[in-house]
Amino acid sequence: MSAPVDGSLAPGGAALGEPVVTRDGVVPGDPPGGSAPTSPTLRSTWRSGRLIVLLGVLVVLIAVLGVLLAPQRGPSRPLDPADTSLAGSRALAELLRGRGVQVDRVDSAEAAARLATTGGPRLLLITDTAYVDEHALAAIPGDRLIVGDMPGLAALAPEVHTDPDPARTRSREPECGLPAARAAGSAYMGGTAFHGPPGAALCYPSTGEGHTLVSYARSGGTTTVVGDGSFMTNLRLAEDGNAALALNLIGTGRPVTWLVRPDNPQVAQLPGERGQSLTDLLPDNVRWTVYMALIALAVTAIWRGRRLGPVVTERLPVVVRAAETVEGRGRLYRARRARQRAAEALRAGTVDRLTPRLGLATGAGGQEVVAALAARTGQDPHRVGAALYGPPPADDAALVALAAYLDLMERQVSEL
Amino acid sequence: MALTGRAGLVAALGIVLVMLAPQPGAALAGVCLLLAAAIVIDLTFAGAVRPLRLHRSGDTLVRLGQRATVELVVENPGSRRVRGVLRDAWPPSAGATPRVARIDVPKGERRRIVVTLDPTRRGDRSSVAVTVRSLGPLGLAARQGGHRAPWTVRVLPPFLSRKHLPSRLARLRELDGQHPALVRGQGTEFDSLREYVVGDDVRSIDWRATARRHDVVVRTWRPERDRRVLIVLDTGRTSAGRVGDAPIPMAGATPGGGGLLARPDARPVPGWPRLDWSMDAALLLAALAARAGDQVDFLAYDRAVRAWVGGASRTELLSSLVNAMAPIEAELVEADAQGMVAAVLSRARRRCLVVLLTDLNGAAMDEGLMPVLPQLASRHLLLVAGVSDPRVAAMAARRGSAEEVYDAAAAEHAQLERRRITARLRRAGVEVVDAPPEDIAPALADAYLALKAAGRL
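This structure is a prediction, so every number in the text was calculated from the model and none was measured.

## A closer look at the overall build of chain A
1) Next: Along chain A, the regular secondary structure elements total 14 helices and 12 strands.
2) Next: Here chain A, with 416 residues, has 39% of them falling under the buried criterion.
3) Next: Residue pairs in contact within chain A that sit at least 24 positions apart in sequence constitute 58% of those at least 6 positions apart.

Listed below in structure tokens is the structure:
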């Protein structure tokens, strides 16, 4: 008899004898303390990170130099006499100056009013009223040319009404008696269509009822409203009769006050109630409190974001049920309503189990099995034969019935 | 470096202060400067983490289902007290607790932390890293650093079937010399001569010895000994399938159990892999065979040799086996039966009992083992043991609705395949053990005892 094995079968690893593979925790090359710090020192951090820092500095330098050396080009300002972009109107302004017309670019109602008080009559060219008080503008006497539909149109030209159908901007014929338009001929017009007061000159009709140029005389001077300013831009000025129309409308010899949108419009500068903006109304503490809240948020983020040690990953074994293929086959049977195959499997299983019980050899034929089974259970041989070797069931109910009948026969054989 | 919740709280209080202060700008600057100064003070006066020394001791072996303890001694040779938290990071299936321990080590002293491991699956579990966060005196900021303090605990198979061992050993003793058989039969060999006592079969009297001794002497017989048993474990894809109910909850027994990717709608996948049930059966067989005086070798194979235990002495056999089995996982490849037969034939020169633990899967067997079976069966006695799936048996008995009858038909089909392959194996002279997971170990032991009693080893 060999040495007793019972001792080594006791629970617990210690009783399992000398283990074949053990780790005593000290790997050769480790410090004598059995542990080694793994966090990087300042020096190693610098050594590993200096290339990245260098690259970062280089990228920032190139970006800063690029911005400093690039020509100053802000966003395009539409219909601005100082803007050379495609949407600007520098070309028209230069043409006007070349004809001796003085062009004064202003960006506020106050400046326009100041110019109006000095010297003789002027033409006020209004391209944008978003940041000015239209009532102050309306009070300025003299001729005015309004380009496009704008918020203050009702105050600036109360006699003009806009047509609900906008007109596509395209080359249009003047079809009116206004000399400035007739002389210019076809021009790139469209945008908003207007209805003028009686007696007004209506040119460049839209497909609907309205016209895209309305000119009429009022008490202080002539008011001209144009649906769209495209014909005045650097892009379109050379086409059609655009330049001629613009020069005829603006270049009447009088100095031009050219009102444009402010260079750096700020929402806070929008005139509010009693001239106070939103930031003026907020107490000083709110702003600083928001800053402090941001700092507190950053501190909390650093607190929560610092992990205590690394994330430990693990290769887990695959989780798969062994019965999955069988379940899959069952679902295929269901999906295809494979009654024939299902019935075959059930019958074969029953025959396989019953054959030895009926005292037959494993290779016994169908006739023998049916005869033996009918004799044993007392069932009708035809019915037994139909159940075991008959045609496949016609529907699901027949399949369930077949399974129940097979079960019944198996039970009878095992009980008898 | 790390900040604490206290720093966040101070910053949050700063919000209130700035909101109420008459000069909010100055208050903000003051709060921030104060906080920054306090953090710098904390970082300066916190105990250094880098010079810490960590020593480990404790268990290196544990059976699955049992608890291991690993001690971690933190030695602080630095000049300041190290107060804060320590995390000993183990893989999730090591089941290490506590996850984070508070430590307070005065300068020049050492403190012990006990980490208990409740492993949830077999294999080697190694500590990944130890991270220490040392708080400053104000508790606003901390120094943080990592240490590598390697330690590996090997989680062995649980050998649950050892409860069946005493009854099988009793059966063995019936066959063995302690209950000597007086009748010579197949599978027995001559044991000894002893004096005749009344009741002994007169046919067992050794007349030649009786003549020499002037006394009536009978021969006694005992079962043959010193046979060879080679246990072959198939670690291919079919052994990854899970069957039965896990006696010890296993990691991954439910998909994403507690993990970040946990799917609440996923059905729990019960059971152990076939591989683990097979290991359990192999251990019982090995214990029994070693006790019966046979030489037991062990081979794990899928497309390459995963483990080999050969020529282990009887006392060391079980510990060698569990150590060899511990790291084996089922590989998701089709097992190479030809290579396995070659490996068996090259290792077993003498005739022996080859016990192949695999799945009796019709398709896999037809492709793999069946063509090469004659090579093996002609040289050795082959016993194929397969763990059947009780879930399939339950499916085959269902009759509730048409859908369940379809399922039952599919299960019946699978069982037919299994019986067909079993019959083919038996015709080829191979012993077959096909049992549900809970019964495979005793069934295999009984098959071995039957072979032993029949003297077929």
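## Some remarks on the overall build of chain B
1) Next: Helix and strand content of chain B: 12 helices and 22 strands.
2) Next: Taking all 457 residues of chain B together, 53% fall into the buried category.
3) Next: Partitioning the contacts of chain B with sequence separation of at least 6, the portion at a separation of at least 24 is 75%.

## Description of the side chain of Arg418(B)
Residues and elements named next belong to chain B.
1) Next: Following the sequence through the fold, Arg-418 ends up in helix α11 (residues 402-427).
2) Next: According to the relative accessible area criterion, Arg-418 is buried, its value standing at 14%.
3) Next: Among residues more than four places away in sequence, those in contact with Arg-418 are Arg-274, Asp-359, Leu-360, Gly-386, Val-387, Ser-388 and Asp-434.

## As for the packing of aromatic side chains
1) Next: Tallied over the full model, the rule gives 2 aromatic pairs over all chains.
2) Next: A ring pair is formed by Trp288(A) and Tyr291(A), whose centres lie 5.5 Å apart and whose planes are at 85°; its orientation type is edge-to-face. Here Trp288(A) and its partner Tyr291(A) are both found in helix α9 (residues 284-305), 3 residues apart, which amounts to about one turn of the helix.
3) Next: Judged by its relative accessible area of 24%, Trp288(A) falls in the partly exposed class.
4) Next: With 5.2 Å between their ring centres and 50° between their planes, Trp272(B) and Trp277(B) make a pair best called tilted. In this structure, Trp272(B) and Trp277(B) share a single accessibility class: buried.
5) Next: The ring of Tyr188(A) has Arg236(A) lying over it, and the distance from NZ or CZ to the ring centre is 4.1 Å.
6) Next: Sitting above the plane of the Trp308(B) ring, Arg347(B) keeps its charged end 4.8 Å from the centroid.

## Focus on the environment of Glu239(A)
All names here are of chain A.
1) Next: Within the fold, Glu-239 resides in the loop between β11 (222-226) and α7 (242-250).
2) Next: For Glu-239, a relative accessible area of 33% corresponds to the partly exposed category.
3) Next: Residues Glu-239 and Ser-186 lie 53 residues apart in sequence; the distance between their C-alpha atoms is 9.7 Å.

## Looking at the pattern of salt bridges
1) Next: Applying the stated rule across the entire model yields 47 salt bridges over all chains.
2) Next: Among the ionic pairs, Arg306(B) bridges to Asp302(B), the shortest N-O distance being 2.8 Å.
3) Next: Among the residues examined, Asp302(B) registers a relative accessible area of 0% and is labelled buried.
4) Next: A single salt-bridge network, built from bridges that share partners, covers Arg321(A), Glu324(A), Glu327(A), Arg331(A) and Arg391(B).

## Quick look at the packing of helix α3 (residues 165-175) of chain B against helix α12 (residues 437-454) of chain B
Residues and elements named next belong to chain B.
1) Next: One way to put it is that α3 packs onto α12 with a least axis distance of 11 Å and a crossing angle of 0°. Here α3 lies roughly parallel to α12, going by the angle between them. Counting all contacts with α3, which are made through Arg-168, Arg-171, Leu-172 and Leu-175, the residues of α12 involved are Pro-442, Ala-445, Asp-446, Leu-449, Lys-452 and Ala-453.
2) Next: Residues belonging to the contact of α3 with α12 are distributed by class as follows: 6 nonpolar, no polar and 4 charged.

## Some remarks on the environment of Met150(A)
Residue and element names in this part refer to chain A.
1) Next: On the secondary structure map, Met-150 appears in the loop between β4 (143-147) and α5 (153-156).
2) Next: Since its relative accessible area comes to 8%, Met-150 is described here as buried.
3) Next: Considered as a pair, Met-150 and Thr-127 are 23 residues apart in the sequence and their alpha carbons are 8.5 Å apart.
4) Next: Sequence-distant contacts of Met-150, defined by excluding residues within four places in its chain, comprise Ile-126, Thr-127, Asp-128, Thr-129 and Leu-156.

## Quick word on the interface of chain A and chain B
Many descriptions give the size of an interface as the accessible area lost when the pieces come together.
1) Next: Contacts between chain A and chain B engage 82 residues on the former and 102 residues on the latter.
2) Next: Between chain A and chain B, the buried area comes to about 7,900 Å², and carbon and sulfur atoms account for 62% of it.
3) Next: Our count for the contact surface shared by chain A and chain B stands at 8 salt bridges.
4) Next: A salt bridge links Arg353(A) to Glu412(B); the shortest N-O distance between them is 2.8 Å.
5) Next: Summed over the shared surface of chain A and chain B, the result is 26 residue pairs in polar contact (both at pLDDT 80 or more).
6) Next: Looking at the side of chain A that touches chain B, the elements that each hand over two or more residues are β1 (36-37), α9, α10 (324-336), α11 (339-357) and α14 (396-415) of chain A.

## Observations regarding α11(B)
1) Next: For α11(B), which comprises 26 residues, the first-to-last C-alpha distance of 37 Å matches the rise-based estimate of 38 Å (1.5 Å per residue) to within 8%.
2) Next: Of the residues trailing α11(B), Gly429(B) is marked for its positive phi of about 85°.

## Considerations on the nonpolar core
1) Next: The biggest cluster of nonpolar side chains holds 86 residues, and the ones touching the most others in it are Ile231(B), Phe298(B), Leu353(B), Leu383(B), Leu444(B) and Tyr448(B).
2) Next: Take this core: its biggest share by element is 13 residues, from helix α5 (residues 274-291) of chain B.
3) Next: A domain-level breakdown of this core finds at least three residues from each of domain 2 (53-156) and domain 3 (228-252 + 268-454) of chain B.
4) Next: Those residues in contact with Ile231(B) that lie beyond four places of it in its chain are Ala282(B), Leu285(B), Ala286(B), Val296(B), Asp297(B), Phe298(B), Leu299(B), Val355(B) and Leu357(B).
5) Next: In this structure, Leu123(A), Leu145(A), Cys176(A) and Leu245(A) belong to the second largest nonpolar core, which totals 34 residues.

Cut-offs applied
Residues numbered from 1 in each chain as written. Chains lettered and ligands numbered in written order. Predicted model: local features only at pLDDT ≥ 70, side-chain atom pairs only at ≥ 80, totals over all residues. Heavy atoms only, no water. Helix = DSSP H or I, 4+ residues; strand = E, 2+ residues; numbered from the N terminus. Buried < 20%, exposed > 50% of the residue type's maximum accessible area, 1.4 Å probe, protein only. Contact = heavy atoms within 4.5 Å. Phe/Tyr/Trp six-rings, centres within 6.5 Å; stacked < 30°, edge-to-face > 60°. Lys NZ or Arg CZ within 6 Å of the ring centre and 35° of its normal. Salt bridge = Lys/Arg side-chain N within 4 Å of Asp/Glu carboxyl O. Axes fitted to C-alpha atoms, helices over the stretch in contact; angles between N-to-C directions. Parallel < 35°, antiparallel > 145°, perpendicular 65-115°, else oblique. Nonpolar A, V, L, I, M, F, W, Y, C, P; charged D, E, K, R; others polar. Buried area = accessible area lost by both parts, 1.4 Å probe. Polar contact = N/O pair within 3.5 Å; in protein donor to acceptor, adjacent residues only side chain to side chain. Expected span 1.5 Å × (residues − 1). Core = buried A, V, L, I, M, F, W, Y, C linked by side-chain atoms within 4.5 Å. Domains from an automatic or database assignment.

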